[in-house]
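Now for the letters of each chain:
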Amino acid sequence: MTQDTWTAVDDYIGQVVGTSDAALEAALTESAREGLPAISVSPPQGKLLHLLARSVRARRILEVGTLGGYSAIWLARALPADGRLVTLELDEHHAQVARANLERAGLADRVDVRVGRAVDTLAAMEDDFDLVFIDADKPSNADYVAAVLRLTHPGSVIVVDNVVRGGAVVDPDGDANVQGVRRLNDLLMSEPRLTATTIQTVGSKGYDGFTLALVT
Ligand code: SAH
Ligand code: DHB
Ligand code: MG
C-alpha cells in the first residue's frame, strides 16, 4: 500500500460521504494563494470533526491552531445558530486568511479568531467548551491539554491531531514533535480526569493519527 492508494481512497471517500463544496474549496484555494502551508486536516478528517461536534451537540467549541480556517469551517457548521467557535492562532496573516474564508462560508457571526500564543490566550480564558480540537505546534500538546482541563466539563471531548507521526511516536528519542506527543501521552496516563484512545490513520496526508479524550 502506497501514498497514491491512500490519496485515491480519500478522494473516493470524499465522493461517497460528501466532503467538498464551494466554501471549503475556496478556503483551501485561498489559503494556498496566500502562501499558507497545505497542512489542513484532510476532507474526511474535517467531516469527522463535524460529526463529532454534532454527536455531542456541541454549543461551545475551542480550536487551537486555525491556519486558513478549513477545520474551523467544518466545526462551525456543526454549531446551532447561537453556538460559538473560538479558534486560536499565532500568525496574524493566517488569522486574516481564516477570517476571510469563514466570512465567505457565512460563519463569521459564529466564530471568534483570536491571535496570540495559544498558551497565553488559554490562560486568560474563562469559557466552558463541549469540544476541543488541538492542532497547533506539536511540542506544546501536553500544555494545551492541561490548560483546557480548566475550560471543559465532564462529558467534554478533546481531539488532538498528528499524534502518530509516521510511526515515529514509538521512538523515545524522536524529534521535538515526537517528544511533544510522548509528553501528551504521559499526561493522558497520569491524569485521572481523562480517558482516551489513539487511532492511527492513513490518507491523503500520509500515515498519522489522532487522540480522542473524554473528560470524566
Ligand atoms: N486546524 C487547521 C490546521 C492548523 S496548522 C486546519 O486543519 O485547517 C497549525 C496552526 O497552528 C498554524 O496556523 C500555526 O501558525 C498555528 N500555531 C503554531 N504555533 C502556535 C501557537 N503557539 N499558538 C497558536 N497557534 C499556533
Ligand atoms: C504539520 C502540522 C499539522 O497540523 C498537520 O496536520 C500536518 C503537518 C506540520 O507542522 O508539518
Ligand atoms: Mg494537524
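Residues numbered from 1 in each chain as written. Chains lettered and ligands numbered in written order. Predicted model: local features only at pLDDT ≥ 70, side-chain atom pairs only at ≥ 80, totals over all residues. Heavy atoms only, no water.

## Some details on the sheet that holds strand 5 (residues 152–161)
Working step 1: Taken in spatial order, the seven strands make up an open sheet running 3-2-1-4-5-7-6, and their pairing is mixed. Edge positions in the sheet fall to strand 3 (111–115) and strand 6 (194–203), since each has one partner strand and no second. Going across the sheet, the axis of each strand differs from the next one's by a mean of 15 degrees, ignoring polarity.
Working step 2: By the bridge criterion, four bridges tie strand 1 (residues 60–64) to strand 4 (residues 129–134) in an arrangement that is parallel. Within strand 4, the residue paired with Leu62 across the bridge is Val132.
Working step 3: Strand contacts of helix 1 (residues 3–17): strand 6 and strand 7 (206–215), with the helix running at about 105 degrees to strand 6, the strand carrying the most contacts.
Working step 4: Against the sheet, helix 5 (residues 92–104) touches strand 2 (84–89) and strand 3, its axis set at about 170 degrees to strand 3. (Pairing = 2+ DSSP bridges. Helix = DSSP H or I, 4+ residues; strand = E, 2+ residues; numbered from the N terminus. Axes fitted to C-alpha atoms, helices over the stretch in contact; angles between N-to-C directions. Contact = heavy atoms within 4.5 Å.)

## A few points about the coordination of the magnesium ion (ligand 3)
Working step 1: Ligation of the magnesium ion (ligand 3) by protein atoms is provided by Asp135 (OD), Asp161 (OD) and Asn162 (OD1), these donors lying 2.1 to 2.2 Å from the ion.
Working step 2: Read from N- to C-terminus, the donor residues coordinating the magnesium ion (ligand 3) fall into the pattern D-x25-D-N. Of this pair, Asp135 sits in the loop between strand 4 and helix 7 (141–148) while Asp161 is found in strand 5, placing the two residues 26 residues apart along the sequence. (Donors = N, O, S within 2.8 Å, 3.2 Å for Na, K, Ca; no water.)

## A word on the pairing of strand 6
Working step 1: Sheet analysis places strand 6 next to strand 7, joined by 10 bridges and oriented antiparallel. When the sheet's bridge partners are listed, Gly203 is paired in strand 7 with Gly206.
Working step 2: Joining the antiparallel neighbours strand 6 and strand 7 is a turn of two residues.

It is worth stressing that arrangement in space is one thing and function is another; only the former is reported here.
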